[in-house]
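# Coordinate analysis (summary)
The primary structure of each chain is shown beneath.
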Amino acid sequence: MKGEHHYQVAVTWQGNLGAGTEDYRAYGRDHLIGAAGKADIAGSADPAFRGDATRWNPEDLLVASLSACHKLWYLHLCATSGISVLAYQDNAVGVMREDAARGGFFTSVTLRPQVTVRDGDDLQLAQQLHEKAHHLCFIANSVNFPVACEPQAEYATR
């Protein structure tokens, strides 16, 4: 796993409504996020900043990145520890604050993964592996705000 990895994406603005950025209200916030060989993601700003609520905004994507990174590490750790995860759902929540000096910034993200494991697997270990997954998560290791994890694990119903 050692080494350096590079990621290249293109963000193409689609919001020129005819006058460019002549005025704050004169342009749209829509954009496409693309990368070679992948489906585009329709993006915009948060609706609070004149964005389209039906498109992903950077804040959504940051919270989703933290959640997905944790999930991927967690599934790997379960697979190598003899825990069979049958279902995984995270209802993650991010909190962003605005102030005059710094603009907007995240103050926290809380992950709330709900995991279903195979009957008879070690439920306590399944819970504990979240801590290790959090420690290994590339994205959580890259942000400057706390990322909490409030996991729940349960056995599959028969």
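Residues numbered from 1 in each chain as written. Predicted model: local features only at pLDDT ≥ 70, side-chain atom pairs only at ≥ 80, totals over all residues. Heavy atoms only, no water.

For the chain, the name recorded in an unreviewed UniProt entry is Peroxiredoxin, with Serratia marcescens as its organism.

### Quick notes on the pairing of strand β2 (residues 31-34)
Just so we agree on the cut-off: Two strands pair under a simple rule: DSSP has to find at least two bridges between them. Starting at the N terminus, helices and strands are each numbered in turn, a helix being any DSSP run of H or I of at least four residues and a strand any DSSP run of E of at least two.
Bridge count between strand β1 (residues 10-13) and β2: four bridges; the pairing is antiparallel. Looking at the pairing, Thr12 lines up with Leu32 of β2. With three bridges joining them, β2 and strand β3 (residues 41-43) adopt antiparallel strand pairing. Within β3, the position partnered with His31 by the bridge is Gly43. Hairpin connection, β2 to β3: the antiparallel pair is bridged by six residues, and Gly37 has positive phi, about 80°.

### A closer look at helix α2 (residues 123-136)
Keep this limit in mind: Residue count minus one, scaled by 1.5 Å, sets the expected span of a helix. The buried label goes to any residue with under 20% of its type's maximum accessible area, the exposed label to any with over 50%, and the partly exposed label to all in between, with areas taken from a 1.4 Å probe on protein chains only. Contact criterion: two residues are considered in contact whenever any of their non-hydrogen atoms come within 4.5 Å of each other. As used in this structure description, the phrase polar contact means that two N or O atoms lie within 3.5 Å; if the pair is within protein, one of them must be able to donate a hydrogen and the other to accept it, and residues adjacent in sequence are counted only when both atoms belong to side chains.
Compared with an ideal rise of 1.5 Å per residue, which puts 14 residues at 20 Å, α2 spans 21 Å between its outermost C-alpha atoms and is within 8% of the ideal. Listed in full, the buried residues belonging to α2 are Ala126, Leu129, His130 and Ala133. Packed against the buried residues of α2 are α1 (58-80), β4 (85-90), β7 (113-117), β8 (147-149) and β9 (152-155). Regarding α2, its N-cap is Asp122, as a side-chain oxygen of that residue lies 3.1 Å from the backbone nitrogen of Gln124 further along.

### Side note on the domain arrangement of the chain
To keep things clear, this is the line we draw: For each domain, the first and last residues come from an automatic or database assignment. In what follows, salt bridge is the name for a side-chain nitrogen of Lys or Arg lying within 4 Å of a carboxyl oxygen of Asp or Glu.
Entries for the chain in the domain assignment read domain 1 (10-49) and domain 2 (58-155). Here the C-alpha centre of domain 2 lies 29 Å away from the C-alpha centre of domain 1. Taken together, the contact pairs four residues of domain 1 with five residues of domain 2. Where domain 1 packs against domain 2, one counts zero salt bridges.

### Observations concerning the nonpolar core
It is characteristic of soluble globular proteins that their nonpolar side chains tend to be buried jointly. Note the threshold: Put simply, buried Ala, Val, Leu, Ile, Met, Phe, Trp, Tyr and Cys residues joined by side-chain atoms within 4.5 Å make one nonpolar core.
In this structure, Tyr74 and Val109 are the most contacted members of the largest nonpolar core, which totals 22 residues. When contributions to this core are tallied by element, the ones reaching two or more residues are α1, β6 (103-111), β7 and α2. The dominant element in this core, judged by the number of residues it contributes, is α1, at seven residues. Residues contacting Val109, with those up to four places away along its chain left out, are Val63, Leu66, Val93, Gly94, Phe145, Pro146, Val147 and Ala148.

### Here's the deal with the side chain of Ser67
Mapped onto the elements of the fold, Ser67 is located in helix α1. Classification of Ser67 as buried rests on a relative accessible area of 13%. Apart from residues lying up to four places away in sequence, Ser67 is in contact with Asp90, Ala92 and Leu111.

### Thoughts on the pattern of salt bridges
Two side chains carrying opposite charge are able to pair once their charged atoms lie near each other. Summed over all chains, the structure comprises five salt bridges. Here Arg55 ties to Asp30 by a salt bridge, and the two come within 3.6 Å at their closest N and O atoms. Residue Arg55 is found in the loop between β3 and α1, and its partner Asp30 is found in the loop between β1 and β2; the two are separated by 25 residues along the sequence. Via salt bridges that share partners, Asp30, Asp52 and Arg55 belong to a single interconnected network.

### Points about the packing of α1 against α2
Condition: Note on method: axes are straight lines fitted to C-alpha atoms, helices fitted across the in-contact stretch only, with angles between N-to-C directions ranging 0 to 180 degrees. Throughout, the term roughly parallel applies to angles under 35 degrees, roughly antiparallel to angles over 145, roughly perpendicular to angles from 65 to 115, and oblique to all others. Two helices crossing with the near one rotated counterclockwise from the far one by less than a right angle form a left-handed crossing, whereas a clockwise rotation gives a right-handed crossing. Basically, the charged four are Asp, Glu, Lys and Arg, the nonpolar ten are Ala, Val, Leu, Ile, Met, Phe, Trp, Tyr, Cys and Pro, and anything else, Gly included, counts as polar.
Two numbers describe how α1 lies on α2: the axes approach to 8 Å, and their chain directions differ by 130°. In terms of their interaxial angle, α1 and α2 are classed as oblique. Crossing angle aside, the handedness with which α1 passes α2 is right-handed. The segment α1 lies against α2, with His70, Trp73, Tyr74, Leu77 and Cys78 engaging Ala126, Leu129, His130, Lys132, Ala133, His134 and Leu136. A breakdown of the residues in the contact of α1 with α2 according to their chemical character gives eight nonpolar, three polar and one charged.

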